[in-house]
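Fold and geometry: a report
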Amino acid sequence: MRKVIVNSTPLIALCHVNQLTVLKQLYGEITIPKAVYDEISVKADSVCKKSVDESLDWIHVQQIQNGMAKAMFKSQLHDGEVEVMILAMEQKADVVVIDDQNAKKYAKYLELPMTGTLGILMKAKQKGYLSELKPVLDVMVQNGIYIKPSLVELCLKQVGETDN
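Reference entry: report on the structure contained in this document. All of these numbers come straight from a predicted model, not from anything done at the bench. (Residues numbered from 1 in each chain as written. Predicted model: local features only at pLDDT ≥ 70, side-chain atom pairs only at ≥ 80, totals over all residues. Heavy atoms only, no water.)

What to know about the overall build of the chain
- A count of helices and strands for the chain gives 10 helices and 5 strands.
- Taking 15 Å as the expected radius of gyration for a compact globule of 164 residues, we find that the chain reaches 15 Å, a close match to that expectation.
- Burial statistics for the chain: of 164 residues in total, 45% are counted as buried.
- For the chain, restricting intrachain contacts to residue pairs at least 6 apart in sequence, the fraction spanning at least 24 positions comes to 62%.
- Of the roughly 9,000 Å² that the chain leaves accessible, carbon and sulfur atoms contribute 51%.
- Of the charged side chains in the chain, 19 are positive and 20 negative; the average position of the first set lies 3 Å away from that of the second. (Helix = DSSP H or I, 4+ residues; strand = E, 2+ residues; numbered from the N terminus. Rg over C-alpha atoms; globule rule 2.2 N^0.38 Å. Buried < 20%, exposed > 50% of the residue type's maximum accessible area, 1.4 Å probe, protein only. Contact = heavy atoms within 4.5 Å. Areas by Shrake-Rupley, 256 points an atom, 1.4 Å probe, with all protein chains shown as cover. Lys, Arg positive; Asp, Glu negative; His and termini not counted. Charge placed at Lys NZ, Arg CZ, Asp CG, Glu CD.)

Considerations on helix α10 (residues 149–158)
- Of the positions making up α10, those classed as buried are V152, C155 and L156. Buried residues of α10 fall within an arc of 95° about the axis and therefore sit on the same side. Opposite the packed face of α10, turned more than 90 degrees from it, sit the exposed residues S150, E153 and K157.
- At its buried positions, α10 is contacted by α8 (117–126) and α9 (134–142). (Arc of directions from axis to C-beta.)

Examining the nonpolar core
- In terms of nonpolar packing, the biggest core is built from 54 residues, with L11, L23, I30, I32, L133 and L137 touching the most fellow members.
- No other element matches the 6 residues that helix α6 (residues 79–91) contributes to this core.
- The residues contacting L133, other than those within four sequence positions of it, are L121, M122, K125, C155, L156, V159 and E161. (Core = buried A, V, L, I, M, F, W, Y, C linked by side-chain atoms within 4.5 Å.)

Some words on α9
- Three or more residues of α9 are buried, namely V136, L137 and M140. Along α9, the residues classed as buried sweep out an arc of 95° about the axis, all on the same side.
- Within two residues after α9, G144 carries a phi angle of roughly 90°, on the positive side.

A look at unusual backbone geometry
- In this model, N18 sits at a positive phi of 55°, which is unusual for a non-glycine residue.
- If you trace the backbone, N18 turns up in the loop between α1 (8–16) and α2 (21–27).
- At K92, a position not held by glycine, the phi torsion is positive, near 50°.
- Looking at where K92 falls in the secondary structure, it is placed in the loop between α6 and β4 (95–97).

So, the packing of α1 against α8
- Contact geometry of α1 with α8 gives a least axis separation of 9 Å together with a crossing angle of 50°. As judged from the angle between their axes, α1 and α8 are oblique. Residues P10, A13 and L14 of α1 form the contact with α8, whose own contacting residues are T117, I120 and L121.
- Per-class residue counts for the contact of α1 with α8 are 5 nonpolar, 1 polar and no charged. (Axes fitted to C-alpha atoms, helices over the stretch in contact; angles between N-to-C directions. Parallel < 35°, antiparallel > 145°, perpendicular 65-115°, else oblique. Nonpolar A, V, L, I, M, F, W, Y, C, P; charged D, E, K, R; others polar.)

Structure (structure tokens):
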């Protein structure tokens, strides 16, 4: 089983387009750090918290072991992103799922294999778990998730959903 550590932004984005289960389809199970769970739990009635709570049979919430390492990242990243990096190193993760550009720079520096929400959705489309990517991306944008139009075009082209 692949070790997959996921940050809050991808969870929230996938929940808002009712696609959280693509993570289960692609990886079987995932792990989120306790700080990520806390971030999505700020609002007790949030769609994401409810979806994650209903999926705790394949989404595992885990506390990091090295709390001291948190101080090294704290000034540049949010708690969830920091714990994703630490947990990924502790567990020798196969992939981290993050969207924040600053967090991606840290992950690259730490040589952590990574993908983001769009990468997850593209992989789900390529594996046949999604019939179309465009409607999902449209709903994400309608729900206030910013994606550069050029990036939407590139993703659609890569999964064969454009005429170009």
